[in-house]
Amino acid sequence: MVTKQVRSTAEDADLARADSLAREIFSDVANKWALLIIEFLGDRTLRFSELRKEVEGISHKMLTQNLRMLERNGLVERTVYPTVPPRVEYTLTAPAQELRETIDGLCRWTRTHMGHIESSRHRFDD
């Protein structure tokens, strides 16, 4: 097995650059489904079907795509148990737990300012 050497540069960390790794990571984790998956997994370990019930409105395809993306980015750990049928569980990694603190803050902000935003939308739409 060949181990790939990972070298981050200042350009990789620059969110202003369209081709930066930081922008790619930001794009991956800042979508509504990824945020909700991280929030609902929380400190728990859930099976696919349990997670799908938690994240109301997500399709099988979108949940699969987002879990794969989160696993690729090292934010979700996928464990497959050799049973018939196979049992698969998902849990957050330490970096995802750290990210979850930020997501919790975003959720609090949303609840706090929901009334203001709703009023603004009504005024704008009228």
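The name that an unreviewed UniProt entry assigns to the protein is Helix-turn-helix transcriptional regulator, with the source organism given as Streptomyces cupreus.

### Some remarks on helix 5 (residues 94-125)
In helix 5, a bend of some 55 degrees at His113 exceeds every other bend along the element. Buried within helix 5 are the following residues: Ala96, Arg100 and Ile103. Taken together, the buried residues of helix 5 touch helix 2 (32-41) and strand 3 (87-92).

### Regarding the packing of helix 2 against helix 5
Look at helix 2 against helix 5: their axes get within 9 Å of each other, and the N-to-C directions meet at 105 degrees. Classified by the interaxial angle, the pair formed by helix 2 and helix 5 is roughly perpendicular. Packed against helix 2, whose contacting residues are Leu35, Ile38 and Glu39, the element helix 5 presents Ala96, Leu99, Arg100, Ile103, Asp104, Leu106 and Cys107 at the interface.

### Things to note about helix 1 (residues 21-29)
Because an α-helix completes one turn every 3.6 residues, residues spaced three or four positions apart along the sequence face the same direction. All of the buried residues in helix 1 are Ala22, Asp28 and Val29. Viewed along the axis of helix 1, the buried residues span an arc of 125 degrees, placing them on a single side of the element. Its buried side turned inward, helix 1 meets helix 2, helix 4 (60-72) and helix 5.

Basis of the calculations
Residues numbered from 1 in each chain as written. Predicted model: local features only at pLDDT ≥ 70, side-chain atom pairs only at ≥ 80, totals over all residues. Heavy atoms only, no water. Bend = angle between axes of the 7 residues up to and from the residue. Helix = DSSP H or I, 4+ residues; strand = E, 2+ residues; numbered from the N terminus. Buried < 20%, exposed > 50% of the residue type's maximum accessible area, 1.4 Å probe, protein only. Contact = heavy atoms within 4.5 Å. Axes fitted to C-alpha atoms, helices over the stretch in contact; angles between N-to-C directions. Parallel < 35°, antiparallel > 145°, perpendicular 65-115°, else oblique. Arc of directions from axis to C-beta.

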